Structure formats: C-alpha cells, structure tokens
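The chain contents come next:
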Amino acid sequence: MGIFILLALMFLAVAGAVGYVKRTYTVRTVYVEGNVHYTEEEIKAIVMSGPLGDNSLYLSLKYKNKGIEGIPFVDVVDVDILSPDTVKIIVYEKSLTGCVRYLDTYIYFDRDGYVVESSGIRTVGVPQIMGLQFDYIVTGEKLPVENEEIFNSILDITQLLQKYDLASEKIYFNRAGAITLYFGDVKVSLGNDPAKLEDKLMLLPGLLVSLEGKNGTLQMQTYDADRGKYVFKPGI
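Calculation criteria
- Residues numbered from 1 in each chain as written.
- Predicted model: local features only at pLDDT ≥ 70, side-chain atom pairs only at ≥ 80, totals over all residues.
- Heavy atoms only, no water.
- Helix = DSSP H or I, 4+ residues; strand = E, 2+ residues; numbered from the N terminus.
- Buried < 20%, exposed > 50% of the residue type's maximum accessible area, 1.4 Å probe, protein only.
- Contact = heavy atoms within 4.5 Å.
- Salt bridge = Lys/Arg side-chain N within 4 Å of Asp/Glu carboxyl O.
- Expected span 1.5 Å × (residues − 1).
- Pairing = 2+ DSSP bridges.
- Axes fitted to C-alpha atoms, helices over the stretch in contact; angles between N-to-C directions.
- Phe/Tyr/Trp six-rings, centres within 6.5 Å; stacked < 30°, edge-to-face > 60°.

Undergrad: Could you give me a rundown of the overall build of the protein chain, with the residues and numbers involved?
TA: Counting its regular elements, the protein chain contains 5 helices and 12 strands. Each of the 236 residues in the protein chain was classed as buried or not, and the buried ones make up 37%. At a minimum sequence separation of 6, the contacts of the protein chain that also span at least 24 residues come to 45%.

Undergrad: I'd like a rundown of the environment of glutamine 133, residues and numbers included.
TA: Looking at the element boundaries, glutamine 133 is found in the loop between β7 (128–130) and α4 (150–163). A residue is classified by how much of its surface remains accessible, and glutamine 133, at 55% relative accessible area, is exposed. Each C-alpha atom of the pair glutamine 133 and asparagine 147 lies 9.5 Å from the other, and the pair is 14 residues apart in sequence. Apart from residues no more than four positions distant in its own chain, glutamine 133 is found in contact with Pro144, Val145, Glu146 and Arg175.

Undergrad: Residue-level account of the pattern of salt bridges, with values.
TA: Under the counting rule described, the total for this entry stands at 5 salt bridges. Here aspartate 104 ties to arginine 101 by a salt bridge, and the two come within 3.7 Å at their closest N and O atoms. Take aspartate 104: its relative accessible area is 63%, and that puts it in the exposed class. For the salt bridge of lysine 142 with glutamate 148, the shortest nitrogen-to-oxygen distance reads 3.1 Å. A relative accessible area of 28% places lysine 142 in the partly exposed class. Residue glutamate 148 is classed as partly exposed on the basis of its relative accessible area, which comes to 43%.

Undergrad: Would you mind going over α4 in detail, with residue names and values included?
TA: The terminal C-alpha atoms of α4, which comprises 14 residues, lie 20 Å apart, in line with the 20 Å expected from a rise of 1.5 Å per residue. Of the positions making up α4, those classed as buried are Ile150, Phe151, Ile154, Leu155, Ile157, Thr158, Leu160 and Leu161. Check the buried side of α4 and you find it contacts β5 (105–109), β7, β8 (170–173), β9 (179–183), β10 (186–191) and α5 (194–210). Phi turns positive one or two residues past the end of α4, at aspartate 165, with a value near 55°.

Undergrad: So what about the sheet that holds strand β3 (residues 86–93)? Which residues, and what values?
TA: Ordered in space as β1-β3-β2, the 3 strands form an open sheet in which the pairing is mixed. Looking along the sheet, the strands with just one partner apiece sit at the ends: β1 (29–33) and β2 (74–83). Taking each pair of neighbouring strands and ignoring which way they run, the sheet shows an average axis angle of 20°. In this sheet, β3 lies alongside β2 in antiparallel orientation, the contact comprising 8 bridges. Following the sheet pairing, serine 83 is matched in β3 by threonine 86.

Undergrad: Run through the packing of aromatic side chains, naming residues and quoting values.
TA: The final tally for this structure, using the stated rule, is 3 aromatic pairs. With 5.1 Å between their ring centres and 90° between their planes, phenylalanine 73 and tyrosine 108 make a pair best called edge-to-face. One end of the pair, phenylalanine 73, is in the loop between α3 (56–62) and β2; the other, tyrosine 108, is in strand β5, with 35 residues separating them in the sequence. Taken as a pair, phenylalanine 73 and tyrosine 108 share a single burial class, namely buried.

The structure is reproduced here in structure tokens:
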C-alpha cells in the first residue's frame, strides 16, 4: 500500500508542477518587430506552432541559440522571453532591392543582383524594375543581365527614393540608362545623368503633390529655363 501512496503523491506533485508551469508560462502578450512581408498574426502562427507553441518556457528552449530558417523573404527569426507570459519575436528579413516580372512570377533580388526569392504575389514597398534583359533565372545566382553595373544604378536610385520618402511602384531603365519612375498615373522621366539625380529627387516630393489626380509625364530630364520649371506633359 505504501508504494501506491508514494506513487500517488509523486503523480500529484508532477501534475501540480505541470499545472504551475502551464499557468505561469502561458504566453499572453506577444510583440513582433522587423516584419514587412508578413503580418504579425502570420509571424505568430509560424513561430508559435505546435502543442506547446503558447508556452514561453518551451519557446525559450526551442529557439535558444537558433532561429527559424526556410521562410520565404525571412533570413532568421529570434524569440526573446521578456517575462513568463510575454515574448518578443524579432524578424530579420532578407535584403530586397527590387523585383522583376518573369513568367507571371515576381523575382526578388538583393543589392548585388542575386535572386533571393520568387513569388506570384507582388510585395508592396519593393519596386518592380523594368528594362532588364535576361533569358533565365536561378535562385541564389545573379540575374544574368548584359551589364552588371545596372545593379549599382538600381541601388543608387532605390536608396535615394527611401531618403526622400518616395514610393515608386516601378522603375524603368532604357538601353541608354535613362530612368523613368512610376507613381500611379504619373511618370517621371529623370534622364541618365547620375550627377543630377539627387537634386531632382530632392524636388520631386513637392512636385508630385501638385500633380495628384493627374495623368501624364513629368519631364525632368531637362529643365525649361524659359518657364523656370520642369514640364509636365498630360497623357492622352
């Protein structure tokens, strides 16, 4: 009889400990930072999956000294335990400079032109680059364009767009290197003079405000000295 009493006491002790851990370490508050391509709810679903996905003690052990890999657009995910019932999920996304359209798929590449991901979904905030010529694409390899210096030009223009808080959905490069930006129904022709590029983009936010609701091309490749401004040519 004594052994059964001992086993019962041990069972009650273990059950009590399990109950304490479950009550104390159940996650009630989750902070998510660094996510762009995924919503907070999507990140939570990825990280906190499985039967014990809502237990901070389990998460602290699961993600100790390692993160999540293999998620499109995400380099790694870390989980910090702030308190027994609070965790912070930190998302480190892959660096994306632009994307190209290829066979009904968007191909995303980094600042050096290496293909990072492909998706049928167009990601907001990553400009579509047009005018590049290539015959094939391999994930992890560089886009096989004729002139690889184009990637420096793409990086320069995207960094300047971020600097002046400009969100261009599409950027077109012609064979001479002239750049055209797309903002809804307004196209902006910048020309191909890198030395004057930042000066033009510095002025562009104010010019776009005056063009809201219009359709046409802002011709910034040359300055009309007689009119004292850049010319806007309405669309047909």
